[in-house]
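Report on the structure
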Amino acid sequence: MFQEFDQIEQQIAEHQAKIEELQQQMAAAERKKQGVIAFDKALVNMAAEYEMDEEELYVARGEQIVEWLVGQLDSEEAPEFIRTLKARVARHLKREGESPRRGKGRVASSKPAEPKLETGHYRNPYTNATIEKKKRNPKQLNQWVAEHGLEKVQSWKI
């Protein structure tokens, strides 16, 4: 019976030590929070004093911000907003038709490039149909190229 009592007292002491440790961690976190608030207020005051807006501050520190963000990209302990930022950038690049992979340039478009034809009028000798090419190839002209070949269609220029 006394042994149980001793074990319970020991557990209470361990829990109290853990509570004290957590209270110290909480106090340190609160101090950091107050530091961030004070830093933000000082930054706003300095920006007002030197007639700068928030965007100018970010631009001035842009390189350092980018370097820090890039350093965080592969970190296992990266803040949640880094993962959110990665996902948003990937979605944006996908919409723009680019790949978010590193070391690669723009990904080639899945659409084949139009054949290079000079601007002007083209007449199909088989149908006598005439098409004017201005900036981009009209659909019919692309069909002629696919059907008869680029060199042949180039020779149809009038």
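These figures come from a predicted structure and were not determined experimentally.

Rules used throughout
Residues numbered from 1 in each chain as written. Predicted model: local features only at pLDDT ≥ 70, side-chain atom pairs only at ≥ 80, totals over all residues. Heavy atoms only, no water. Helix = DSSP H or I, 4+ residues; strand = E, 2+ residues; numbered from the N terminus. Contact = heavy atoms within 4.5 Å. Areas by Shrake-Rupley, 256 points an atom, 1.4 Å probe, with all protein chains shown as cover. Core = buried A, V, L, I, M, F, W, Y, C linked by side-chain atoms within 4.5 Å. Buried < 20%, exposed > 50% of the residue type's maximum accessible area, 1.4 Å probe, protein only. Arc of directions from axis to C-beta. Expected span 1.5 Å × (residues − 1). Phe/Tyr/Trp six-rings, centres within 6.5 Å; stacked < 30°, edge-to-face > 60°. Pairing = 2+ DSSP bridges.

So, the overall build of the protein
Assigned secondary structure in the protein consists of six helices and two strands. Put simply, 36% of the contacts in the protein that link residues at least 6 apart link residues at least 24 apart. Carbon together with sulfur atoms contributes 54% to the accessible area of the protein, which is approximately 14200 Å² in total.

A closer look at the nonpolar core
Generally speaking, soluble globular proteins have nonpolar side chains that are buried together. Leu-117, Tyr-122, Ile-131, Leu-141, Trp-144, Val-145, Val-153 and Trp-156 together form the largest nonpolar core, which totals eight residues. Element by element, the count of residues in this core is highest for helix H5 (residues 139–148), at three residues. The contact partners of Val-153, leaving out residues within four places of it in the chain, are Leu-117, Tyr-122, Leu-141, Trp-144, Val-145 and His-148.

Re H5
Inspection of H5 places Leu-141, Trp-144 and Val-145 among the buried residues, and these make up the whole buried set. All buried residues of H5 project into a common sector of 100° when viewed along the axis, lining one side. The outward face of H5, more than 90 degrees from its buried face, is lined by the exposed residues Lys-139, Ala-146 and Glu-147. The inward-facing, buried residues of H5 contact strand E1 (120–123), strand E2 (130–133) and helix H6 (150–154). Remark: Gly-149 follows H5 within two positions and exhibits a positive phi of approximately 100°.

Notes on helix H4 (residues 80–95)
With 16 residues, H4 extends 23 Å between its outermost C-alpha atoms, agreeing within 8% with the 22 Å of an ideal straight helix rising 1.5 Å per residue. Immediately downstream of H4, the backbone of Gly-97 shows phi near 80°, a positive value.

As for the packing of aromatic side chains
Enumeration according to the criterion identifies three aromatic pairs in this entry. Ring geometry for Tyr-126 against Trp-156: centres 6.0 Å apart, planes inclined by 75°, an arrangement best described as edge-to-face. On the criterion of sequence distance, the pair formed by Tyr-126 in the loop between E1 and E2 and Trp-156 in the segment after H6 is long-range, its members being 30 residues apart. Ring geometry for Trp-144 versus Trp-156: centroids 5.7 Å apart, planes at 75°, classification edge-to-face. Taken together, the positions of Trp-144 in helix H5 and Trp-156 in the segment after H6 put the pair 12 residues apart, joining distant regions of the chain. Trp-156 carries the same exposure label as Trp-144, and that label is buried. One aromatic cluster is present, built from ring pairs that chain together Tyr-126, Trp-144 and Trp-156.

Regarding the pairing of E1
Bridging between E1 and E2 involves four bridges; their strand directions are antiparallel. Residue pairing across strands places Gly-120 opposite Lys-133, the latter belonging to E2.

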